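Understanding the architecture of this molecule
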Amino acid sequence: MNDIRERPFRLTDKEFNFVCQFVYDTAGIVLNASKREMVYRRLTRVIKERKLASFSQYCQLLKQNPEQEKHYFINAITTNLTSFFREKHHFDYLLSIELPQLLKRNKQQQRIRIWSSATSTGEEAYSIAAIVYESCKQSLSSWDIKILATDIDGNVLAKGKAGIYDEKRIEDVPSVYLKPYFIKGTGENAHKVKVAQCLRNLLTFKELNLLHQWPMKGPFDIIFCRNVIIYFDKKTQIELFERFYEMLAPGGLLILGHSENLGHYQQYFKNVGRTIFRKPF
Ligand SMILES: C[S@@+](CC[C@H](N)C(=O)[O-])C[C@H]1O[C@@H](n2cnc3c(N)ncnc32)[C@H](O)[C@@H]1O
């Protein structure tokens, strides 16, 4: 690794510690020494864009205007890696088990609510929408079915809302969903695809910090919280699990990412699949 001190900007221990604390206080994300290089790279970009002279100046700006700077800072620092049908077993479970069950279980109220709670650029939410559309086609006109997609990062949400992706991004989309739900662009958009309106109609994108108050009443039948709690400490994770539990309908599902688990909170859920947890009825 290159020596950080020989680079155009110098990131001192004090500044790095300040940045770590700011990220923790704002987003609950824990950064340690192994993330120093990443912090350096991502914030160097911000410092240049802002035409500032040093990390010290940037830290000063964060201290003086935390509210104003917070969004830009979080957008720069968060990791937004995602893809369509990532961890496909979760979508297979929805298609073959959960949605057929929900259509029976919720017959009385004719309502289904799903929350993609750290949705990034929307691929997770649109994958859910494709499965929901396929499973619930017959019921869509009479049922109230909605998918809420939230993230702390306004930039990624804007991409999600636009629903336009490079054609390369849909390589992993099962072929059965390609034609009906991803419309190929023409002319200058020849290498892009747009998500079909029938899926977009199911979705609402909203900015939401998982650590803050949630304005939704719930209950949700399924909550996706994948590949984000890995960045949080145990205390924040447990607080979140408690809140997700409260937000879920009896029998509702909480779905985590591949390297995540509920720790000792698992005693309150039933493990029904790979990182798929059901709240008891
Ligand atoms: C690695 S992406 C995961 C995307 C998707 N869930 C998946 O598994 O493919 C993590 C997302 O969590 C979001 N995030 C980080 N801290 C958050 C917080 N406190 N509240 C809400 N979203 C947060 C980031 O902005 C990022 O888009």
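Residues numbered from 1 in each chain as written. Predicted model: local features only at pLDDT ≥ 70, side-chain atom pairs only at ≥ 80, totals over all residues. Heavy atoms only, no water.

The next thing to look at is the state of the cysteines. Per the stated rule, a full pass over the model turns up 0 disulfides. Of all cysteine sulfurs in the structure, the one in cysteine 20 sits closest to cysteine 59, which takes part in no disulfide; the separation is 10 Å. Cysteine cysteine 136 remains unbridged, with the sulfur of cysteine 198 as its closest cysteine sulfur at 13 Å. (Disulfide = S-S within 2.5 Å.)

Okay, the environment of lysine 137 next. Examined against the element boundaries, lysine 137 turns out to sit in the loop between α6 (123–136) and β2 (144–151). Apart from the residues within four sequence positions on either side, lysine 137 is in contact with Val132 and Tyr181. (Helix = DSSP H or I, 4+ residues; strand = E, 2+ residues; numbered from the N terminus. Contact = heavy atoms within 4.5 Å.)

A word on the domain arrangement of the protein. Annotation of the protein at the domain level lists domain 1 (4–77) and domain 2 (88–278). Each of domain 1 and domain 2 was reduced to a C-alpha centroid, and the two centroids are 31 Å apart. In this assembly, 9 residues from domain 1 lie in contact with 11 residues from domain 2. Where domain 1 touches domain 2, the interface holds 0 salt bridges. Counting every contact that joins domain 1 to domain 2 gives 6 residue pairs in polar contact (both at pLDDT 80 or more). (Domains from an automatic or database assignment. Salt bridge = Lys/Arg side-chain N within 4 Å of Asp/Glu carboxyl O. Polar contact = N/O pair within 3.5 Å; in protein donor to acceptor, adjacent residues only side chain to side chain.)

Moving on to the site of the ligand. By nearness alone, 21 residues border the ligand, and Thr82, Arg86, Ala118, Asp151 and Asn227 come closest of all. Among the cavities detected, the one that contains the ligand is the largest pocket. (Near = heavy atom within 4 Å. 1 Å grid on protein atoms, 1.4 Å probe; cavity = no way out; pocket = protein on both sides within 12 Å on 5 of 7 lines; lining within 4 Å. Sits in = over half its atoms within 2 Å of the grid points.)

There is about 510 Å³ of room inside the largest pocket. Considering only residue class, the lining of the largest pocket consists of 15 nonpolar, 11 polar and 6 charged. Viewed by domain, the lining of the largest pocket spans two of them, domain 1 (4–77) and domain 2 (88–278), each represented by three or more residues. (Points joined across faces, edges and corners; volume = space filled by probe spheres on them. Nonpolar A, V, L, I, M, F, W, Y, C, P; charged D, E, K, R; others polar.)

Paired through their backbone hydrogen bonds, the strands of a sheet run either parallel or antiparallel. Judged by pairing direction, the sheet is mixed, and its 7 strands sit side by side in the order β6-β2-β1-β7-β8-β10-β9 without closing on themselves. Either end of the sheet is taken by a strand with one partner, and the two such strands are β6 (203–207) and β9 (270–273). The average undirected angle you get between the axes of adjacent strands in this sheet is 20°. Where strand β7 (residues 220–225) and strand β8 (residues 248–256) come together, 5 bridges link them in parallel fashion. Residue pairing across strands places isoleucine 223 opposite leucine 254, the latter belonging to β8. Here α6 sits on the sheet in contact with β1 (111–116), β2, β6 and β7, set at roughly 170° to β2. (Pairing = 2+ DSSP bridges. Axes fitted to C-alpha atoms, helices over the stretch in contact; angles between N-to-C directions.)

With that settled, the discussion passes to the pattern of salt bridges. Pairs can form between side chains of opposite charge whenever their charged atoms are close. Tallied over the full model, the rule gives 15 salt bridges. Between aspartate 92 and lysine 88 there is a salt bridge, and its shortest N-O distance comes to 3.1 Å. Linking aspartate 92 with lysine 88, this pair stays in helix α5 (residues 88–105), spanning 4 residues, or about one helical turn. Here aspartate 92 falls in the partly exposed class, since its relative accessible area comes to 34%. Residue glutamate 98 is joined to arginine 105 by a salt bridge in which the shortest nitrogen-to-oxygen separation is 3.6 Å. The exposure class assigned to glutamate 98 is buried, which follows from its relative accessible area of 0%. By relative accessible area, arginine 105 is classed as partly exposed at 28%. When salt bridges with common partners are traced through the structure, they connect Glu98, Arg105 and Arg278 into a single cluster. (Buried < 20%, exposed > 50% of the residue type's maximum accessible area, 1.4 Å probe, protein only.)

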